[in-house]
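Each chain is listed here by its residues.
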Amino acid sequence: MAAMDSNINQITEVSEPEVKQFKTDEEILASFGYKQEMSKSISTISNFAIAFGCCSILSGLTPMWGDAMQSGGSVAVVWGWIIVSIFTFGVGLSLAEICSAYPVTGGLYIWVSRLAPPEWVPIACWLTGWCNWLGLTVAITSSDLGLAQFLASVIAISNPEYNASIYWQYGIFLVIAFIHGVINSASIKYNGFFNQTSLYWHLAGTLMIIIVALVLTPNKPDAKWVFTYFENDTGFSSGGYAFLIGLLQSQYTLSGFDSAAHMSDETHDAARNAPRGILYAIGTASIVGLAFMISVNFCVQDFQAQVVSELALQPQMTQVFLDGVGYKWTIVFTVIVMGAMFFSGSALTLGSSRMVYAFARDGAMPFSKWLSHVNERTQTPIYAVWGNVVFAVIVGLLFIVNETAFNAIVSINTIASSLAYLIPIALRLTVARKTFVRGPFHLGPFSDIINFSSCCWILLTSVLFICPTEYPVTADNMNYACVPLVAVLGGSTAYYHFRARKWFHGPGKATDGGSSTESMSDFNVDGSHNTTDVKHERFTEKKHEKVLLSNISSLHDS
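A brief look at the structure comes next. (Residues numbered from 1 in each chain as written. Predicted model: local features only at pLDDT ≥ 70, side-chain atom pairs only at ≥ 80, totals over all residues. Heavy atoms only, no water.)

**Details of the overall build of the chain**
Along the chain, the regular secondary structure elements total 23 helices and zero strands. The buried share among the 558 residues of the chain stands at 57%. Considering only contacts within the chain whose residues lie at least 6 apart along the sequence, 82% involve residues at least 24 apart. Only carbon and sulfur atoms are counted for the fraction: they give 64% of the accessible area of the chain, which is about 23600 Å². (Helix = DSSP H or I, 4+ residues; strand = E, 2+ residues; numbered from the N terminus. Buried < 20%, exposed > 50% of the residue type's maximum accessible area, 1.4 Å probe, protein only. Contact = heavy atoms within 4.5 Å. Areas by Shrake-Rupley, 256 points an atom, 1.4 Å probe, with all protein chains shown as cover.)

**Looking at the pattern of salt bridges**
Here the idea is simple: oppositely charged side chains can pair when their charged atoms come close. By the definition in use, this model includes five salt bridges. For Arg433, the salt bridge identified is with Asp448, shortest N-O distance 2.8 Å. Here the residue Arg433 occupies a position in the loop between α20 (405-429) and α21 (447-464), and Asp448 occupies one in helix α21, the gap between them amounting to 15 residues. Judged by relative accessible area, Asp448 falls into the partly exposed class, the value being 25%. (Salt bridge = Lys/Arg side-chain N within 4 Å of Asp/Glu carboxyl O.)

**Remarks on helix α6 (residues 108-115)**
For α6, the tally of buried residues reaches seven of eight residues, placing the bulk of the element in the interior. Against the buried residues of α6 lie α5 (73-101), α7 (121-158), α13 (259-262), α16 (316-360) and α20.

**Quick look at the packing of aromatic side chains**
Any pair of aromatic rings gets described here by the distance separating the centres and the angle formed by the planes. Applying the stated rule across the entire model yields 29 aromatic pairs. Seen in terms of ring centroids, Trp329 and Phe333 are 6.1 Å apart; in terms of plane orientation they differ by 50 degrees. Their pairing is tilted. Highlighted residues: Trp329 and Phe333, both in helix α16, separated by four residues, approximately one helical turn. One aromatic cluster in this structure is built from Tyr109, Trp126, Trp130, Trp133, Phe359, Phe391, Tyr495, Tyr496, Trp503 and Phe504. (Phe/Tyr/Trp six-rings, centres within 6.5 Å; stacked < 30°, edge-to-face > 60°.)

**A closer look at the nonpolar core**
One finds Trp65, Trp111, Trp133, Leu134, Phe292 and Phe504 to be the most contacted residues of the largest nonpolar core, which totals 144 residues. Residue contributions to this core peak at 16 residues, all from α7. Apart from the residues lying within four places of it in its own chain, the contact partners of Phe292 are Leu58, Leu61, Thr62, Thr206, Ile209, Ile210 and Met317. In this structure, Ala139, Ile140, Ala347 and Leu348 belong to the second largest nonpolar core, which totals six residues. (Core = buried A, V, L, I, M, F, W, Y, C linked by side-chain atoms within 4.5 Å.)

**Section: the packing of α5 against α21**
How two helices pack is summed up by the angle between their axes together with the distance between the axes. Contact pair α5 / α21: the axes reach a minimum separation of 9 Å and the direction vectors enclose 125 degrees. With respect to their mutual orientation, α5 and α21 come out oblique. Seen from above, α5 lies across α21 with left-handed handedness. Only Ser447, Ile450, Asn451, Ser454, Trp457 and Ile458 of α21 make contact with α5, whose side of the interface consists of Ile83, Val84, Phe87, Thr88, Gly90, Val91, Leu93, Ser94 and Glu97. Grouping the constituent residues of the contact of α5 with α21 by class yields eight nonpolar, six polar and one charged. (Axes fitted to C-alpha atoms, helices over the stretch in contact; angles between N-to-C directions. Parallel < 35°, antiparallel > 145°, perpendicular 65-115°, else oblique. Left-handed = near helix turned anticlockwise from the far one by under 90°. Nonpolar A, V, L, I, M, F, W, Y, C, P; charged D, E, K, R; others polar.)

**Overview of the packing of helix α8 (residues 166-183) against helix α18 (residues 382-395)**
In contact at an axis separation of 9 Å, α8 and α18 are set at 170 degrees when each is read in the N-to-C sense. For the element pair α8 / α18, the angle class is roughly antiparallel. On α18, the residues touching Tyr170, Phe173, Leu174, Ala177, Phe178, Gly181 and Val182 of α8 are Val385, Trp386, Val389, Ala392 and Val393. Each residue belonging to the contact of α8 with α18 can be placed in one class, and the counts come to eleven nonpolar, one polar and no charged.

**Examining the environment of Ala426**
Here Ala426 shows up in helix α20. Considering only alpha carbons, one finds Ala426 and Ala116, 310 residues apart in sequence, at a separation of 9.7 Å.

So this is what it looks like as structure tokens:
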């Protein structure tokens, strides 16, 4: 008996390090109770391209540039971009460190399951997942609506007498969203090529706009105007508040980079390449975006006529291009911008669908059985793609209702994404500070200070972007971002309290091909537990116990 105990102790001592040190992506997935279901066909450059597409500078900066210029002038646009880039890169560093330790599709939601205290894991994962989903899905709405607006401005250039109505723009938005659904229902290998094309389109297109605009635009302002001009047309007396409101366009643009983490199940060596995707996306977008913003501001010839006037084309950047480089080049510029917006919307549709797939495989969303289904032919979660498209289209209805709805939609995207970032970073900084096991990428002794500054920045921007953007505040210009935000998060929390807590316990155990955790199917209509499944589970457990006792007996006899 003593010999048997010695043998078991030796086995335990040898096996324990093997449980902790996972050598392959499949073993990392298995440690969370998942199995590899999707193809590992995404390279480092493709992962980076997807995240960079979500941080699309042309898609994020162009629709809201005019609003930012009226909320702080060139100071808010240029220096605001620098400030936001620095703090966002800090947030990216914090998330990349956690991603390297837990490179699993689902990203933030999965990480929280390892960072939160056991008793808080279900609700923490639930809130993180819903915030992350809301941020990514509403980003589809804002990107595709921005494209519809730009298309309307192109028509206005060709035919100044034609004014595209909001309903016409919404119709174009529906077509764009449908096309993105079709693209992301195809095999991931085609999406990899598509997103790499997006990367080159963004970089080459932005460079072309910068060079041509600076060369051809006459009467350029001096450097002092570009770097020091301040304008407050918000109606608020506080210039500081106006400047902070002007940061919205920058923070909105530099979001969605967590899509790199959501592609982990399909990325080679995800523990290293997914964190790289996050940081490369933020860094590249920050540098290229700064060059783009400075060059555009150097092309402003008449601030009042091109930006403030109600007669200016919308978005106002189109008016600046038209006055500076002429009709033909403006058409070229708008085609480049619209192409970037299209690529960005597709990348957001792709990243958000993987987040929904991961969340649904643990039974955390309505229709989880369908949303977590992976098509055998394309190896993509098709129902998750179309579920997000439908929700994005519904949120887009706000655009018809309210004149400042686009800003509200952007605010929802920014706030929800930021809150999803905050939860894992705060947990890493506090309760998981001593228990966190680093991955290949880590911040070393700088981890705490970077995480602390990231939390402070996220809290500041989250509160700021719920505030009104114009004064006096009326029913028409009120920032209604809090309405859908509270509706979705409040509704999901109530659903968790009354129903989901019966089966949802965080990321679960899908290794054997069943549902990852207890889901709706494990409960009868009256809420009682399905005893048939319980009996089957107990029978399986007894069978495993018999096998284990048999093995121990054999070991003892030897």
